[in-house]
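Below, each chain spelled out in residue letters.
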Amino acid sequence: MIKLSLFKALNNFDLDINLELESFNVLGVYGPSGSGKSTLLRCISGLEPAKSIHINNQPVHELPSDKRGITLQLQSCPLFPHLDVAGNLAFTQKHCGNKQTSLTLQYVVKTLELQDLLNRDVQSLSGGERQRVVFARTLLAGQKFIMLDEPFSALDWSLRFKTLTKLNELAVKFNIKFIIVSHSLKELLFCCDTLIQLDKGKVINQGASAHVAKAIYANDRQTPLSLINYDVVKFDEDYGLYQLQLQQSEQPLFVLPALVDSSNKLIIESEKMSLSALKPEQTTHSNVLRSVLTQAELINNKWQLTLNVDGQTLYCLASRRVWDKNDFKVGDVLYTTISDLE
Amino acid sequence: MLQSDLTALWLTIKLAFITAVLLLVFCIPLAYKLAGYNGKFKPFLEALIAMPLVLPPTLLGFYLLVLFSPDHAFGQFWFWLTGTQLAFSFQGVVIGSLFYSLPFVMQPLVAGFKHINQTYNEAAIALGLSPFKRFVHLIIPLLKPSIGSAFALGFAHTLGEFGLVLMIGGNIQGQTQVVSIALYDHVESLNYTAAHQLSLILLAISFACLVLLFKFNKSIVGVKQ
Amino acid sequence: MSKLYNTWLGYFLCVICMLSCSVNAKETLQVAVASNFKTVLETLLKKSPLPNVDVKISAASSGVLYSQIVHGAPFDVFLSADDFRPQSLIKEGYAEQSSLITYALGELALWQPKAEKVNDKVAIANPRFSPYGRASEHYANNHFKKPINYVYGNNITHAFQFVQSGNVGVGLVAVSSLKAAYSNTQDQKYLDYTVLPTNQYPDIIQQGVIISSTKKHASAKQLMQFLMAEATQQQLIELGYRIKDNNASK
């Protein structure tokens, strides 16, 4: 579906990428700052030349930017200051030709909840508001291939997950392919089905998100993140909490409304987990999951433990001292306590 | 106020207006090219455009006088084209003013284009807008404040033009006797009362121009990043 | 400021000191000269420098110099291109009556360097403030076919440049300009002129005065005497001027 080959000498290294990806809905490009992520997107969009780029088997590298059927939202992309928010949204809808999607302004405004911003002056927007408007404007360019460079960096996590969920829905509903560049693995893991990892201008990992993420935890001194899929059981009005149930499992979790969105996904940092061999009877935490230790690896002087919770994977870290003291073994049943959810 | 002074005033305003408008017409496409050009000749081009800033106007005027002469190919060409002579004519003074005020019109435009290119134009390319739509719907509307500044600066600067017109004008009423020349005449012939009156009017007009200029400048907008 | 010697200001002051301390026994005389007489005065002084006097020349139009003197410019001598301004200065008390000299009379020529006229324009100096211009206008009004299409030069040199550059076919110019141009370039076109009969235009009287506020009276007087000396006056005739009491310049 996307096949590209490009070489470009940059200041400190060469951007040298040969990539072929068969299918994806949302592709994440992960890498540290200055690894060539933005340049990669600029080459695909045509802002900078590239040797060869094929999208859906069509060579696009010789076409000008406006004929490629690609929309790129630059990093910290500005709104046009001579127009208000509504004017900016109408701008791409009106002036970008060759529409591929049936997205309307009303629909995008409703989906991204921008009604209250429409008549605002663009200078008066906060960073987060601006990024949401910019994203809406990008969508309204009407292309089915959209690249976003650090699109939601100014949004807090709750709103970011919410927006990313909308993005996933749009991808499915309108058959839009997204490429998202970010240096936050949490963000990418949440919304991407496919990931590539860039380092000093080269692709060092590519494939399914979970697979690439695992490689990143192993090599990159990154604290592992766990992705939990759930179904909503009910909202407990007395406590203001949602009761969730892990998919294909009977085990419940109680979480704050801010953490729940229509994606039915939850990202949990490894620091928020603790393990014990016995089920804790007396604890202030209600969120204790029964899990099975499936793997233990010593990475960067810490034990990274992979746990299976009724088919889903949790990653947890343990220091060497704690590991030696507790004598856990692969196959043991361990109780995982998750804090900070309620 | 003297009738001749009124004529000079009207002539000056006409000259400044025509000069500023013509310069805008030439400079907008030129500035667009220059702002996007990053080749090795860029500093030379920029220096060339800034030359009238540092050249004494009388020097510029002297060489224009030589250029306009029927002995010179340019003067001959103009005569062949129009049947008139450039020196001592309103057209000649307009051409002189075009040189004289060029940097004042060019520089706000180049700065404006550069600002737009760096921030907005690239974003619009990335969004997939065609070059034509970008120019018409984005660049020109965003350039409006710069066009305003360029016009006001070109106009105001031409109002005060002296040395150049002195050299190529020949002090002809209704043709080349602009306010600054009329003022000089008054001072030279010790007619200070008329000089004061005329200066006051010139000052008032120039001041109004500059007020407008700074109003335009204030309205230049940019997105806070 | 403790390290004055190491600042730009320090260097600047240093240079100023060196410039002003240069040992010079001569007295410096500040002379305000009408632009068209500047090079002439330089030529004269180069040939026979004044002993003990160092002449510093400030050139501008007579009108500008006049208003500078009225507003206190530190000049010692004023050599005007006319007679009106020196006499005004005397009347207003800025210059000494006794010092008034007529150091030269301007001489006009009709100059048409090309056989066929490029246009019907006539270049003259601006009659509103130039004595050459007034004389030129007087002559032209009496002798040229009307209406006359004047082009006004800012001064007599400027009128000369209009013709020299080829923009105007005919001009009434100073003989001194033509002679200076010929001696610089040896171009034959500067010889092809007609001197106007002196009785057909009013005298162009160039006068000089000593400024009242001068503290260098002796030196100023020396310059005036030098200008009026027989040798100098003869030289002025060679340079294209007439002199008083000797109307037969040729």
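This is a predicted model, so every value here is computed, not measured.

A.B. asks: Which parts of the structure should I look at to understand the overall build of chain C?
C.D. replies: Helix and strand counts for chain C stand at nine helices and ten strands. The contacts in chain C between residues at least 6 apart in sequence include a share of 77% that link residues at least 24 apart. Total accessible area computed for chain C in this model is approximately 12400 Å², and 55% of it derives from carbon and sulfur atoms.

A.B. asks: How should the state of the cysteines be read in this particular structure?
C.D. replies: One way to say it: the disulfide is the covalent bond shared by the sulfur atoms of two cysteines. Residues and elements named next belong to chain B. By the definition in use, this model includes zero disulfides over all chains. Here cysteine 27 stays free of any disulfide, with the sulfur of cysteine 209 as its closest cysteine sulfur at 17 Å. Taking relative accessible area as the criterion, cysteine 27 reaches 1% and is therefore assigned buried.

A.B. asks: Mind showing me how you'd approach the nonpolar core here?
C.D. replies: General note: in soluble globular proteins, nonpolar side chains tend to be found buried as a group. Counting 80 residues, the largest nonpolar core has Ile2, Leu4, Leu40, Ile44, Leu139, Phe178 and Ile179 of chain A as its most contacted members. Setting aside its immediate chain neighbours within four residues, isoleucine 179 of chain A contacts Ile2, Phe24, Leu27, Val29, Leu41, Phe145, Ile146, Met147 and Leu148 of chain A. By size, the runner-up hydrophobic cluster in this structure holds 41 residues, among which are Phe80 of chain A together with Leu23, Val94 and Leu127 of chain B.

A.B. asks: Just checking my understanding: could you explain the confidence of the model for chain A for this structure?
C.D. replies: Detailed reading of the predicted coordinates is not advisable wherever pLDDT falls low. Per-residue confidence for chain A averages 89 on the pLDDT scale, and 99% of its residues sit at or above 70. Model confidence for chain A, summarised as mean pLDDT per element, is weakest for strand β1 (residues 2–9) of chain A at 83 and strongest for helix α4 (residues 127–139) of chain A at 95.

A.B. asks: Explain empty space enclosed by the protein to me, please; I cannot follow it from the model alone.
C.D. replies: The gaps of empty space that remain are located by a probe, the size of a water molecule, rolled over the atoms. All names here are of chain C. Applying the stated criterion across every chain yields a total of five cavities of 30 Å³ or more. When its volume is computed, the largest cavity comes out at roughly 180 Å³. Along the wall of the largest cavity there are 17 residues; nearest its centre are Ser61, Ser62, Ala81, Ser130 and Asn155. In terms of residue class, the lining of the largest cavity is made up of seven nonpolar, eight polar and two charged.

A.B. asks: Can you walk me through the interface of chain B and chain C in this structure?
C.D. replies: Often the size quoted for an interface is simply the accessible area lost on bringing the parts together. Contacts between chain B and chain C engage 22 residues on the former and 25 residues on the latter. Roughly 2000 Å² of surface becomes buried between chain B and chain C when both sides are summed, with 53% attributable to carbon and sulfur atoms. Among the residues chain B hides against chain C, the three largest losses belong to Phe88, Glu188 and Leu190 of chain B. Together they make up 28% of the total. There are two salt bridges connecting chain B and chain C. Between aspartate 185 of chain B and arginine 128 of chain C there is a salt bridge whose closest N-O contact spans 3.7 Å. Applying the counting criterion to the chain B and chain C interface returns eleven residue pairs in polar contact (both at pLDDT 80 or more).

A.B. asks: Would you mind showing me how to read the side chain of glutamine 207 of chain C here?
C.D. replies: Residue and element names in this part refer to chain C. Following the sequence through the fold, glutamine 207 ends up in strand β10 (residues 204–210). The class for glutamine 207 is buried, based on a relative accessible area of 6%. For glutamine 207, the side chain forms a polar contact with the side chain of glutamine 87, separated by 2.9 Å. Beyond its immediate chain neighbours, meaning those up to four positions away, glutamine 207 contacts Phe78, Leu79, Ser80, Asp82, Asp83, Pro86, Gln87, Leu100, Ile101, Thr102 and Tyr103.

A.B. asks: Help me out: how do you make sense of the interface of chain A and chain B in this one?
C.D. replies: Facing 25 residues of chain A, the contacting portion of chain B comprises 22 residues. Of the roughly 2100 Å² buried where chain A meets chain B, counting both sides, 68% is carbon and sulfur surface. Here chain A is connected to chain B by one salt bridge. Close ionic contact of arginine 42 of chain A with glutamate 122 of chain B constitutes a salt bridge, the shortest N to O distance being 2.6 Å. Between the two partners, chain A and chain B, sit three residue pairs in polar contact (both at pLDDT 80 or more). Looking at the side of chain A that touches chain B element by element, the count peaks at four residues for helix α2 (residues 85–95) of chain A.

A.B. asks: What exactly am I supposed to notice about the arrangement of the chains here?
C.D. replies: The interface with the highest contact count, out of two pairs of chains in contact, is the one between chains A and B. Between chain A and chain C there is no contact; the minimum C-alpha to C-alpha separation amounts to 39 Å.

A.B. asks: I'm lost on the packing of aromatic side chains in this one. Help?
C.D. replies: Any aromatic ring pair is given by two values, namely how distant the centres are and how the planes are angled relative to each other. Following the criterion strictly, the structure yields 28 aromatic pairs over all chains and no others. Judged by centre distance (4.6 Å) and plane angle (80°), the ring pair of phenylalanine 88 of chain B and phenylalanine 162 of chain C falls under edge-to-face. Here phenylalanine 88 of chain B, found in the loop between α4 (73–82) and α5 (90–127), pairs with phenylalanine 162 of chain C, found in helix α6 (residues 156–164), and the two come from separate chains. Residue class for phenylalanine 88 of chain B comes out buried when judged on its relative accessible area of 3%. Residue classification places phenylalanine 162 of chain C among the buried residues on the basis of a relative accessible area of 0%. Linked through ring pairs, Phe80 and Phe91 of chain A together with Tyr120 of chain B together constitute an aromatic cluster. Over the ring of tryptophan 157 of chain A we find lysine 186 of chain A, and its NZ or CZ is 4.3 Å from the ring centre.

A.B. asks: Please clarify how the packing of helix α8 (residues 217–228) of chain C against helix α9 (residues 230–238) of chain C should be interpreted in this entry.
C.D. replies: What describes two packed helices is the angle between their axes and the distance between those same axes. Residues and elements named next belong to chain C. Taken N-terminus to C-terminus, the directions of α8 and α9 make an angle of 55°; their axes are 5 Å apart at the nearest point. With respect to α9, the element α8 is oriented oblique. Listed contacts from α9 to Phe226, Leu227 and Met228 of α8 are Glu230, Thr232 and Gln233. Across the contact of α8 with α9, the residue classes break down as three nonpolar, two polar and one charged.

A.B. asks: Help me out: how do you make sense of the sheet that holds strand β2 (residues 14–21) of chain A in this one?
C.D. replies: Pairing between sheet strands relies on hydrogen bonds along the backbone, with the strands arranged either parallel or antiparallel. All names here are of chain A. Spatially, β2-β1-β4-β5 is the arrangement adopted by the four strands of the open sheet, whose pairing is antiparallel. A single partner strand is all that each edge strand has here, and the edge strands are β2 and β5 (58–59). Of the strand pairs in this sheet, β1 and strand β4 (residues 52–55) are connected by four bridges, and their pairing is antiparallel. Within β4, the position partnered with leucine 4 by the bridge is isoleucine 53. Across the sheet, helix α1 (residues 37–45) is in contact with β1, β2 and β4; its angle to β1 comes to roughly 115°.

A.B. asks: Looking at this structure, how should I read the layout of surface pockets?
C.D. replies: Taken as a whole, the largest pocket encloses approximately 840 Å³ of empty space. Along its surface, the largest pocket is lined by 32 residues, and Thr39, Thr157, Ser176, Ser177 and Ala180 of chain C are the ones closest to its centre. Of all the secondary structure elements, the ones that give two or more residues to the lining of the largest pocket are α7 (163–169) of chain B together with α2 (35–47), α6 and α7 (175–185) of chain C. Per-class residue counts for the lining of the largest pocket are 14 nonpolar, 16 polar and two charged. Of the pockets and cavities examined, the second largest pocket occupies roughly 300 Å³.

A.B. asks: For this particular structure, what's the right way to read the UniProt feature "domain: ABC transporter" (unreviewed entry) in chain A?
C.D. replies: When the UniProt feature table is mapped onto this chain numbering, "domain: ABC transporter" (unreviewed entry) sits at residues 1–225 of chain A. Split by type, residues 1–225 of chain A is 33% helix and 24% strand. Its first and last C-alpha atoms lie 29 Å apart.

A.B. asks: Hey, could you run me through the sheet that holds strand β8 (residues 170–174) of chain C in this one?
C.D. replies: All names here are of chain C. Strand order in the open sheet formed by five strands is β7-β6-β8-β5-β9, with mixed pairing between adjacent strands. The open sheet has two edge strands with one neighbour each: β7 (149–153) and β9 (193–195). Across the sheet, the mean angle from the axis of one strand to that of its neighbour is 25°, orientation sign disregarded. As judged from the five bridges shared by strand β6 (residues 121–125) and β7, these two strands associate in the parallel manner.

A.B. asks: In this structure, what is going on with the pairing of strand β17 (residues 302–309) of chain A? I would like to understand it.
C.D. replies: Side-chain direction in a regular strand flips from residue to residue, so the side chains alternate between the two faces of the sheet. Residue and element names in this part refer to chain A. In terms of residue burial, β17 counts as a mostly covered element, since six of its eight residues are buried. Pairing of strand β16 (residues 288–299) with β17, which is carried by seven bridges, proceeds in the antiparallel orientation. Residue pairing across strands places alanine 296 opposite leucine 305, the latter belonging to β17. As consecutive antiparallel partners, β16 and β17 are separated by two residues, and within that stretch asparagine 300 has a phi angle of approximately 50°, a positive value. With eight bridges joining them, β17 and strand β18 (residues 312–319) adopt antiparallel strand pairing. What sits directly across from asparagine 308, in β18, is threonine 313. The antiparallel pairing of β17 with β18 creates a hairpin that spans two residues between the two strands, and aspartate 310 there sits at a positive phi of about 45°.

Conventions adopted
- Residues numbered from 1 in each chain as written.
- Chains lettered and ligands numbered in written order.
- Predicted model: local features only at pLDDT ≥ 70, side-chain atom pairs only at ≥ 80, totals over all residues.
- Heavy atoms only, no water.
- Helix = DSSP H or I, 4+ residues; strand = E, 2+ residues; numbered from the N terminus.
- Contact = heavy atoms within 4.5 Å.
- Areas by Shrake-Rupley, 256 points an atom, 1.4 Å probe, with all protein chains shown as cover.
- Disulfide = S-S within 2.5 Å.
- Buried < 20%, exposed > 50% of the residue type's maximum accessible area, 1.4 Å probe, protein only.
- Core = buried A, V, L, I, M, F, W, Y, C linked by side-chain atoms within 4.5 Å.
- pLDDT = per-residue confidence, 0-100.
- 1 Å grid on protein atoms, 1.4 Å probe; cavity = no way out; pocket = protein on both sides within 12 Å on 5 of 7 lines; lining within 4 Å.
- Points joined across faces, edges and corners; volume = space filled by probe spheres on them.
- Nonpolar A, V, L, I, M, F, W, Y, C, P; charged D, E, K, R; others polar.
- Buried area = accessible area lost by both parts, 1.4 Å probe.
- Salt bridge = Lys/Arg side-chain N within 4 Å of Asp/Glu carboxyl O.
- Polar contact = N/O pair within 3.5 Å; in protein donor to acceptor, adjacent residues only side chain to side chain.
- Phe/Tyr/Trp six-rings, centres within 6.5 Å; stacked < 30°, edge-to-face > 60°.
- Lys NZ or Arg CZ within 6 Å of the ring centre and 35° of its normal.
- Axes fitted to C-alpha atoms, helices over the stretch in contact; angles between N-to-C directions.
- Parallel < 35°, antiparallel > 145°, perpendicular 65-115°, else oblique.
- Pairing = 2+ DSSP bridges.
- UniProt positions renumbered as here; feature names shortened; annotations may be inferred.

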